[in-house]
Amino acid sequence: MIGLISATAAGAAARDRLAAAWPDRTRVYDGPVGDAVRSAFAECGQLVCFLATGAVVRLIAPLLGEKTADPGVVCVDEGGRFAVSLVGGHAGGANELAREVAEVLAAQPVVTTATDSVGLPGLDTLGFPVEGSVATVSRALLDGEPVALRTELTWPLPPLPLAGEGAYTVRLTDRAVEPAEREVLLRPPSLVVGVGASKGAPADEVLTLVEGALRDAGLSPRSIAELATVDVKAEEPGIVETAARLGVPLVTYTAEELAGVAVPNPSDAPLAAVGTPSVAEAAALVRGGELLVPKRKSEREDGQPAMATCAVVRRPARGRLAVVGLGPGARDLLTPRAKAELRRASVLVGLDQYVDQIRDLLRPGTRVLESGLGAEEERARTAVAEARAGHAVALIGSGDAGVYAMASPALAEASDDIDVIGVPGVTAALAAGAILGAPLGHDHVSISLSDLHTPWEVIERRVRAAAAADIVVTFYNPRSRGRDWQLPKALAILAEHREPTTPVGVVRNASRPDESSRVTTLGALDPAWVDMMTVVTVGNTATRNIAGRMVTPRGYRWQESAPEGAE
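Residues numbered from 1 in each chain as written. Predicted model: local features only at pLDDT ≥ 70, side-chain atom pairs only at ≥ 80, totals over all residues. Heavy atoms only, no water.

## Comments concerning the overall build of the protein
The condition that has to hold: Numbering of helices and strands runs from the N terminus, with a helix taken as a DSSP run of H or I at least four residues long and a strand as a DSSP run of E at least two residues long. Burial classification: accessible surface area is computed with a 1.4 Å probe over protein chains only, and a residue below 20% of its type maximum counts as buried, one above 50% as exposed, and the rest as partly exposed. Contacts were defined at the residue level, with two residues in contact if any of their heavy atoms lie within 4.5 Å. Calculation of accessible area relied on Shrake-Rupley with a 1.4 Å probe; when residues are assessed, cover is drawn exclusively from the protein chains displayed. Only four residue types enter the tally: Lys and Arg on the positive side, Asp and Glu on the negative side; His and the chain ends are excluded. For the purpose of locating charges, the reference atoms are NZ of Lys, CZ of Arg, CG of Asp and CD of Glu.
Within the protein one finds 18 helices and 28 strands. Its C-alpha atoms put the protein at 95 × 65 × 55 Å along the principal axes. The buried share of the protein, taken over its 567 residues, is 47%. If you take every contact in the protein between residues at least 6 apart in sequence, the share linking residues at least 24 apart comes to 64%. Summing over all exposed atoms, the protein offers an accessible surface of approximately 26800 Å²; the carbon and sulfur share of this is 50%. Of the side chains in the protein, 55 bear a positive and 70 a negative charge, and the two mean positions are spaced by 2 Å.

## Remarks on the sheet that holds strand β20 (residues 419–423)
Heads up, the rule is: When DSSP finds at least two bridges between two strands, those strands are taken to pair. For every element, the axis is a line fit to its C-alpha atoms; helices are fit only across the contacting stretch, and the angle between N-to-C directions ranges from 0 to 180 degrees.
Ordered by their spatial adjacency, five strands build an open sheet running β18-β17-β19-β16-β20, and the pairing between neighbours is parallel. Only two strands of the sheet have a single partner each, and these edge strands are β18 (367–371) and β20. In this sheet, adjacent strand axes meet at a mean angle of 15° when their direction is disregarded. By the bridge criterion, three bridges tie strand β17 (residues 347–351) to strand β19 (residues 392–397) in an arrangement that is parallel. In the sheet register, V349 faces β19, and the bridge partner there is L395. Helix-sheet contacts for helix α12 (residues 336–344) involve β16 (320–325), β17, β19 and β20, and the interaxial angle to β16 is about 140°. Contacts from helix α14 (residues 376–388) reach β16, β17, β18 and β19 within the one sheet, and its direction differs from that of β17 by about 175°.

## Some thoughts on the environment of K67
Along the chain, K67 falls in the loop between α3 (53–60) and β4 (72–76). Separated by 23 residues in sequence, K67 and H90 place their C-alpha atoms 9.1 Å apart.

## Description of the pattern of salt bridges
Defined as follows: Salt bridges, as used here, are contacts in which a Lys or Arg side-chain nitrogen is within 4 Å of a carboxyl oxygen on Asp or Glu.
The tally for this structure, following the rule as stated, stands at 31 salt bridges. The closest approach of N and O atoms between R27 and E43, which form a salt bridge, is 3.3 Å. Taken together, the residues span a long stretch of sequence, with R27 in strand β2 (residues 26–29) and E43 in helix α2 (residues 33–43) at a distance of 16 residues. For R27, a relative accessible area of 36% translates into the label partly exposed.

## What to know about helix α1 (residues 9–21)
Note the following rule: The length a helix should cover is 1.5 Å for every residue beyond the first. When we speak of the arc, we mean the arc of directions from the helix axis to the C-beta atoms.
An ideal rise of 1.5 Å per residue puts 18 Å on 13 residues; α1 measures up with 18 Å between its terminal C-alpha atoms. Here α1 has its buried residues at G11, A12, A14, R15, L18 and A19. Projected down its long axis, α1 carries its buried residues within an arc of 165°, all on one side. For α1, the exposed residues lying more than 90 degrees away from the buried face are A9 and A20. Summarising the contacts, the buried residues of α1 are in contact with β1 (2–6), β2, β3 (46–50) and α4 (94–105).

## Section: the packing of helix α17 (residues 456–468) against helix α18 (residues 486–495)
Counted only if it meets this: An angle below 35 degrees is read as roughly parallel, one above 145 as roughly antiparallel, one from 65 to 115 as roughly perpendicular, and any other as oblique. The crossing is said to be left-handed when, going from far helix to near helix, the turn is anticlockwise and less than a right angle, and right-handed when the turn is clockwise. Think of it as three bins: nonpolar holds Ala, Val, Leu, Ile, Met, Phe, Trp, Tyr, Cys and Pro, charged holds Asp, Glu, Lys and Arg, and polar takes everything else, Gly as well.
Relative to each other, α17 and α18 sit at 30°, their axes nearing to 9 Å. Compared by their axis directions, α17 and α18 come out roughly parallel. Both α17 and α18 take part in a crossing whose hand is right-handed. On α18, the residues that touch W456, E460, V463, R464 and A467 of α17 are Q486, K489, A490, I493 and L494. Broken down by class, the residue content of the contact of α17 with α18 amounts to six nonpolar, one polar and three charged.

## Focus: helix α16 (residues 428–436)
Along α16, the residues that are buried comprise A429, A431, A432, G433 and L436. Two residues or fewer after α16 comes G437, characterised by a positive phi angle close to 135°.

## Some remarks on the pairing of strand β9 (residues 168–172)
Extensive coverage of β9 is indicated by the burial of five of its five residues. In the sheet, strand β8 (residues 147–151) pairs with β9 via five bridges, with the strands oriented parallel. Looking at β9, one finds that A148 is bridged to T169.

## Some details on the sheet that holds strand β27 (residues 544–546)
In spatial order, the strands read β21-β28-β27; together these three strands make up an open sheet with mixed pairing. The open sheet is flanked by β21 (437–438) and β27, the only strands paired with a single partner. Note: β21 against strand β28 (residues 549–551), two bridges, orientation parallel. What sits directly across from A438, in β28, is V551.

## Details of the nonpolar core
This is how the line gets drawn: Residue types Ala, Val, Leu, Ile, Met, Phe, Trp, Tyr and Cys, when buried and joined through side-chain atoms within 4.5 Å, form a set referred to as a nonpolar core.
The biggest cluster of nonpolar side chains holds 23 residues, and the ones touching the most others in it are V193 and L227. Looking at which element gives the most residues to this core, the answer is helix α7 (residues 203–217), with six residues. Beyond its immediate stretch of four places on either side in the chain, L227 contacts V193, V195, I239, T242, A243, L246, V248, P249, L250 and V251. Of all hydrophobic cores here, the second largest spans 21 residues; its members include I459, A467, L487 and V506.

## Overview of the packing of α7 against helix α8 (residues 237–246)
Two elements in contact, α7 and α8, have axes separated by 8 Å at closest approach and are oriented at 55°. Put simply, α7 runs oblique to α8. Relative to α8, the crossing made by α7 is right-handed. Where α7 approaches α8, its residues A203, D204, V206, L207 and V210 are matched on the opposing element by G238, E241, T242, R245 and L246. For the contact of α7 with α8, the residue count by class is five nonpolar, two polar and three charged.

## Some details on the side chain of S190
Threshold: Identification of polar contacts relies on pairs of N or O atoms within 3.5 Å, with a donor-acceptor requirement for protein atoms, meaning one able to donate a hydrogen and the other able to accept it, and with residues adjacent in sequence counted only if both atoms are side-chain atoms.
For S190, the location among the structural elements is in the loop between β10 (183–186) and β11 (191–197). Of the polar contacts made by the side chain of S190, one reaches the side chain of D174; its length is 2.7 Å. Other than its neighbours up to four places away in sequence, S190 contacts L153, W155, D174, S223, V313, R314 and R315.

## Thoughts on the environment of L258
Residue position: L258 is located in helix α9 (residues 255–259). In the structure, L258 is positioned 208 residues away from A466 in sequence and 52 Å away in space, judged by C-alpha atoms.

## Section: unusual backbone geometry
You will see that N477, though not glycine, has its phi angle at about 45°, which is positive. One can find N477 in the loop between β23 (472–476) and α18. By relative accessible area, which is 23% here, N477 ends up partly exposed. A positive phi angle, close to 50°, is found at N509, a residue other than glycine. One can find N509 in the loop between β24 (503–508) and β25 (516–521). A residue is classified by how much of its surface remains accessible, and N509, at 6% relative accessible area, is buried.

Printed below as a string of structure tokens:
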């Protein structure tokens, strides 16, 4: 919960705007400011104070404890111009909160954390438990000193400017080791602990068993991703409490699912009790991985039979492939989600000219794999292979990556062994439509006239269907030096069903500095105006030229007659 505190009418107005935008995330604290700050600090994970920074510093100074436990605090000035990350930039999430608050209030975020200021991700913000000399190694990164990355297992990481050798080290490991003097340990969520338990098994017995199994195998409990068991044990108190005390989720599988997993140590006892010959090993192995600790039983001081079993598996890392649409070219039409994925990826794959558009957004350490026109299938295979190797990959395309772009070939290569995230972008048809007016106000279709991958007979059949159905058509890839007859042929097909006066929009390099556009007619369009950087939108029989803009009526009853000035 985010506590909101203000002292003046102006501050209260900004506070109320934030509260209205985030009704489920915020709580307003009224009354004397000092009391409000103290209450919010104790009760909330984050605070936004619409007060002077000096006042907030004095109020929270006696309340500060450990940086890993204190709430993040953001200050907003009286004029609502700045959102300042004051305390808990990383651990408390104040840096990101400042950016979110600034977006809602149209303010400027102020973040002074050194790594954020130069575009480096903080080592304590990577989403992993972290141990060791975070400040020392972060300072080395900031100073440009060589910091070595040592990975004992592959796991998707964000970009970091790390070297092969160096006096400082970032080490990715799930082993129970202590960090060296100039070392940071990152703990990936690589371990799955399968657990079985008799009814009424004490939590202490289950927890002692798990901790002992990890300790004997030399594994860190901070790398446990989840506890897993059979579904009939989903509410077994000893298992539920063990998961809670370890701070990990409890996942369950049906007995049928577990019975289908090959295990080295099946037993008749669980088969009779819950319907599967293995619970601990099968639950740990059900999603694959390496069995590090075979089934072991708990030991009881009273000599009674063991009530719990466990097994530990190192699960394979799942790479991450984000297929990112960059929009039509203008930076302000690149979505915030696309920017976030570009900064998250450690590997970027894309067409060289598209890489140039966004190179300045990449974080230091991003590995860029770029290629020229005609290498689409190669880029798709490369991106999937990098993700399968356990990396965080961004594959970029113009417009929306799913529209005549890289999503289709990439997903044709990908299987369920990687995570795939689609990031939508503004398409060329939408960008051109906004420039032309409202040509896509009713049903519309996009058709590529490139016959490099699709036979012309198929393209022609689609054009004829759209023409007969009286649908607005946007042509992609309409004309190149080597393909100069397809557009005239497509226009001739449409002309069989539409008047020569039908409005047609021609937009080149939509949203880019050299953008050009014109509204003409089906009869007057000169194909020489068109190249591969152009989209052509042909209206239907209802489309009108109104004040120089293409408008396709939606069909509302109040639009039965065209307004004055329509042609």
